Amino acid sequence: MANQTNLSSTASPVVTTPGEVTTVNVTTTGNTTHNHPLIFLQTAAAQGIGGTFAVLALIITCHQIYLHLRYYTCPNEQRWIIRILFIVPIYSFDSFLSLLFFSNDNYYVYFDSIRDCYEAFVIYSFLSLCFEYLGGESSIMSEIRGKPIKSSWFYYLATLQFCVIKPVMAVITLVLQAFSLYKDGNFSPDSGYLYVTLIYNTSISLALYALFLFYFGTKELLSPYEPILKFCTIKSVIFLSFWQGVVWLILEKAQVISPILL
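What you are looking at is a predicted structure, and each value in this text was computed from that prediction instead of being measured.

The next point concerns the overall build of the protein chain. Scanning the protein chain for helices and strands turns up 8 helices and 3 strands. Scanning the protein chain from its N terminus toward the C terminus, one meets helices and strands in the order β-β-β-α-α-α-α-α-α-α-α. The 262 residues of the protein chain split such that 35% are buried. Within the protein chain, counting contacts between residues at least 6 apart in sequence, those at least 24 apart form 61% of the total. Surface exposure of the protein chain reaches about 15400 Å², of which carbon and sulfur atoms provide 66%.

Structure follows, in structure tokens:
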């Protein structure tokens, strides 16, 4: 059995010349100490920029939610829209907190778990909003009768499986993290990251496939609501963000790009 090495990392000020103080990462491996200069993401400037945009996202989203509540003329539709809008402040503050606690301790895993649970709810809310636009399941079935597309139950089930798997995998990730069995980018069979990624990828692909079929089967009926922009936004924010992270980790593992943290 290979010996395990204790790794810890802290940020400490170091005096380089008289009157000049530079903050560095102090990484301890066993009895050896290594100093690494801070990257931009670990600086106060990056945290200030991230915090500014997080606050702006909160203000803009709250204004949109306020307008929906003030002119609450279509409650069956607007309640789903409001629920979807909440993903913006959740995403922004998740990113800001991850930036604020940017270190080797993987604190972001705990923040991302909350975001993941709400992501699943957003997907369900978006599909429910589309069904509401079309007048419910009975109206949809009468409109698409004779078209070569699947039953509405397929869309619901294919999407809802993601809504269930996403929170479950978030909880499993937290458990694995607590036992040091999860680390992003570690594709070793002994690491939980490999299996979590495979399950996520399968679930996301199936949900994305169902949403594509639903869009192409009902795009004419949804045309008054400009569905293409809504579909692209939801898919890019949730689905592409996952695959983007996986691609970056694969490139880092293949040494195509340098690791962010040493």
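Moving on: the UniProt feature "transmembrane region" (unreviewed entry) in the protein chain. Mapped onto this structure's residue numbering, the UniProt feature "transmembrane region" (unreviewed entry) falls at residues 39–60, 80–101, 121–141, 153–180, 192–216 and 228–251. When the span residues 80–101 is considered, its composition is 91% helix and 0% strand, and the gap between its end C-alpha atoms is 32 Å.

Glancing now at the packing of aromatic side chains. In total, this model carries 6 aromatic pairs according to the counting rule given. Considering the side-chain rings of tyrosine 133 and tyrosine 225, the 4.0 Å spacing of their centres and the 10° angle between planes classify their relative orientation as stacked. Here tyrosine 133, found in helix α4 (residues 108–133), pairs with tyrosine 225, found in the loop between α7 (192–222) and α8 (227–253); they are 92 residues apart in sequence, far enough to count as distant. With centroids separated by 5.8 Å and ring planes inclined at 65°, the aromatic side chains of tyrosine 182 and tyrosine 193 adopt a geometry described as edge-to-face. Of the two residues, tyrosine 182 is situated in the loop between α6 (152–178) and α7 and tyrosine 193 in helix α7; the sequence distance between them amounts to 11 residues. We classify tyrosine 182 as buried; its relative accessible area is 12%. A relative accessible area of 3% places tyrosine 193 in the buried class. Members of the aromatic cluster, joined through ring pairs, are Trp80, Tyr118, Phe121 and Tyr124.

Applying the stated criterion across every chain, the model contains 6 salt bridges. Arginine 115 is the partner of aspartate 94 in a salt bridge, and the nearest nitrogen-oxygen pair spans 3.4 Å. A residue pair is termed long-range when its members are at least 10 positions apart, and aspartate 94 in helix α3 (residues 87–100) and arginine 115 in helix α4 qualify at 21 residues. Neither residue differs from the other here; aspartate 94 and arginine 115 are each classed as buried. Note that arginine 115 is salt-bridged to aspartate 116, the shortest N-O span being 3.3 Å. As far as burial versus exposure is concerned, arginine 115 and aspartate 116 are alike and both buried. In this structure, a network of salt bridges that share partners links the residues Asp94, Asp112, Arg115, Asp116, Glu119 and Lys166.

This part takes up unusual backbone geometry. Phi is positive for serine 180, close to 60°, though the residue is something other than glycine. Within the secondary structure, serine 180 sits in the loop between α6 and α7. Overall, the relative accessible area of 63% leaves serine 180 in the exposed class.

Turning to α3, a few remarks are in order. End to end, α3 covers 20 Å across 14 residues, agreeing with the expected 20 Å (1.5 Å per residue, within 8%). Buried within α3 we find Ile87, Pro89, Tyr91, Ser92, Asp94, Phe96, Ser98 and Leu99.

This paragraph deals with the confidence of the model for the protein chain. As a general rule, the predicted coordinates of low-pLDDT regions are not to be interpreted in detail. Averaged over the protein chain, the pLDDT score is 77; the fraction of residues at 70 or greater is 75%. Across the protein chain, element-level confidence peaks in helix α1 (residues 44–70) with a mean pLDDT of 93 and bottoms out in strand β1 (residues 7–17) with 48. Confidence drops under pLDDT 50 across residues 1–9; counting only partners more than four residues distant or on other chains, this segment forms 15 contacts. Under a pLDDT of 50 for its full length, residues 14–22 has, in the predicted model, 10 contacts with residues more than four places off or in other chains.

What follows covers a nonpolar patch on the surface. Residues Phe40, Leu41, Ile49, Phe53, Val55, Leu56, Ile59 and Ile60 make up a contiguous nonpolar surface patch of roughly 760 Å² in combined accessible area. Secondary-structure assignment places isoleucine 60 in helix α1.

The rules we used
- Residues numbered from 1 in each chain as written.
- Predicted model: local features only at pLDDT ≥ 70, side-chain atom pairs only at ≥ 80, totals over all residues.
- Heavy atoms only, no water.
- Helix = DSSP H or I, 4+ residues; strand = E, 2+ residues; numbered from the N terminus.
- Buried < 20%, exposed > 50% of the residue type's maximum accessible area, 1.4 Å probe, protein only.
- Contact = heavy atoms within 4.5 Å.
- Areas by Shrake-Rupley, 256 points an atom, 1.4 Å probe, with all protein chains shown as cover.
- UniProt positions renumbered as here; feature names shortened; annotations may be inferred.
- Phe/Tyr/Trp six-rings, centres within 6.5 Å; stacked < 30°, edge-to-face > 60°.
- Salt bridge = Lys/Arg side-chain N within 4 Å of Asp/Glu carboxyl O.
- Expected span 1.5 Å × (residues − 1).
- pLDDT = per-residue confidence, 0-100.
- Patch = residues over 30% accessible without salt bridge, like charges linked within 9 Å, V, L, I, M, F, W, Y side chains within 5 Å.

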